[in-house]
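# Fold and contact review
This is what each chain is made of:
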Amino acid sequence: IRGDDARTHAIFMTGSGTGVVGSLRNDMKLTSDNGKSWRSIPTPLDQKALESGEDRADHRIEKVAFFGKFLLVQQDGRVFVSSPRPIAWRELSPALVDFAVDPAAATFVGLTGDRTLVAFDGDLAVTLLGSGPLPEFPRDMVFVNSAVYVFDTDQNVYEVRDQIATGGRPLTTSGPRSR
């Protein structure tokens, strides 16, 4: 990562030693040898897939991931996809503001600007998840055991499994514990 103030902010490694990192200052690198060597790659901003608006203090890479034959990146509140070679960033459709990748399955979940969850398969075909938008914007999304968990700004947790979103504050999936 270039520059003294360009700290690594996002990292994703596969079991085969392939990985990608992104920085707080618009920089990305790929490795195919478990981090022994890295090559710089252009970001969506570098390729003019998004404009360098003056309202942004920086153009941090918020999230990176591999998904099958694709590379995903979240930058400036938008999600972009490219093949690893050659890098040619394009915005997904529908437009996403966040995503989570299930490393154990051939799917990833994206969040649209209207708080709707959608799933993508290995060919980037999209399926709507849940019955409508989430009540609040998520702070984070993560896959655990083939279900995506969404933590929102009101501290609610939603579990999305098999296209059904359940949740509340706090999320519990079992009955009360005996003491």
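Above this text is the structure in question.
Read on for an overview of the structure. Remember, it's a predicted structure, so these values are computed and weren't measured experimentally.

### Things to note about the sheet that holds strand E1 (residues 8-13)
Spatially, E1-E2-E3-E4 is the arrangement adopted by the four strands of the open sheet, whose pairing is antiparallel. Strands at the two margins of the open sheet, each flanked by one partner only, are E1 and strand E4 (39-41). On average, each strand axis in the sheet is inclined to that of its neighbour by 25°, with strand direction left out of account. Pairing of strand E3 (residues 28-31) with E4 involves three bridges; the strand directions are antiparallel. The residue bridging Leu30 from the neighbouring strand is Arg39, located in E4.

### Remarks on the pattern of salt bridges
If the charged atoms of two oppositely charged side chains come close together, the side chains can form a pair. As enumerated under the stated definition, the model contains three salt bridges in all. Where Arg60 meets Glu62, a salt bridge forms, and the shortest distance between an N and an O atom there is 3.5 Å. For Glu62, a relative accessible area of 33% translates into the label partly exposed. We note a salt bridge from Glu91 to Arg78, for which the minimum N-O separation is 2.9 Å. Here Glu91 is found in strand E8 (residues 90-91), whereas its partner Arg78 is found in strand E7 (residues 78-82), with 13 residues between them in sequence. Its relative accessible area of 28% is what places Arg78 among the partly exposed residues.

### Re the packing of aromatic side chains
Taken as a whole and assessed by the stated rule, the structure comprises three aromatic pairs. Taking the centre distance of 4.8 Å and the plane angle of 75° together, the rings of Phe67 and Phe108 count as edge-to-face. Placement of Phe67 in strand E5 (residues 61-67) and of Phe108 in strand E10 (residues 107-112) is noted, with a sequence separation of 41 residues between them. Residues Phe67 and Phe108 agree in their burial class; the two are buried. When the centroid spacing of 4.7 Å and the interplanar angle of 5° are considered together, the rings of Phe108 and Phe120 count as stacked. Taken together, the residues span a long stretch of sequence, with Phe108 in strand E10 and Phe120 in strand E11 (residues 117-120) at a distance of 12 residues. Both residues of the pair, Phe108 and Phe120, belong to the buried class. Within the aromatic cluster, the residues linked to one another by ring pairs are Phe67, Phe99, Phe108 and Phe120. Here the guanidinium or amino end of Lys63 rests over the ring plane of Phe99, the centre of that ring lying 5.4 Å away.

### Considerations on the nonpolar core
One finds Leu92 and Phe108 to be the most contacted residues of the largest nonpolar core, which totals 30 residues. Of all elements in the fold, only E1, E3, E5, strand E6 (70-75), E7, strand E9 (96-102) and E11 reach the threshold of two or more residues within this core. Among the elements that take part in this core, E5 stands out by supplying five residues, more than any other. Counting 13 residues, the second largest nonpolar core, distinct from the first, contains Leu111, Leu134, Val150 and Val160.

### Structural notes on the sheet that holds E11
If you walk across this open sheet you meet the four strands as E9-E10-E11-E12, and the pairing is antiparallel. Because the sheet does not close on itself, it has two edges, and the strands there are E9 and strand E12 (126-129). Neighbour to neighbour, the strand axes of the sheet diverge by 30° on average, direction disregarded. Taken together, the four bridges between E11 and E12 define a ladder with antiparallel strand orientation. The residue bridging Val118 from the neighbouring strand is Leu128, located in E12.

Cut-offs applied
Numbering of residues begins from 1 in every chain and follows the order in which that chain's sequence is written. With the structure being a predicted model, the display of local features is reserved for residues of pLDDT at least 70 and the display and counting of side-chain atom pairs for 80 or more, all residues being used for whole-chain, interface and lining totals. Hydrogens and waters are ignored; side-chain quantities use all the structure's heavy atoms. Think of it this way: DSSP has to see at least two bridges between two strands before they count as a pair. Secondary structure elements are taken from DSSP: a helix is a run of H or I of four residues or more, a strand is a run of E of two residues or more, and numbering for both begins at the N terminus. Only the contacting stretch of a helix is used when fitting its axis, a line to C-alpha atoms as for every element, and angles between N-to-C directions run 0 to 180 degrees. One side-chain nitrogen of Lys or Arg within 4 Å of one carboxyl oxygen of Asp or Glu is enough to make a salt bridge. When accessible area is computed with a 1.4 Å probe and restricted to protein chains, residues below 20% of their type maximum are described as buried, those above 50% as exposed, and intermediate ones as partly exposed. The criterion for an aromatic pair is that two Phe, Tyr or Trp rings (for Trp, the six-membered ring) have centres within 6.5 Å, with stacked assigned to planes under 30 degrees apart, edge-to-face to planes over 60 apart and tilted to the rest. By definition, being over a ring means that NZ of Lys or CZ of Arg is both within 6 Å of the ring centre and within 35 degrees of the ring normal. Nonpolar cores were defined as sets of buried Ala, Val, Leu, Ile, Met, Phe, Trp, Tyr and Cys residues, with membership established by side-chain atoms within 4.5 Å.

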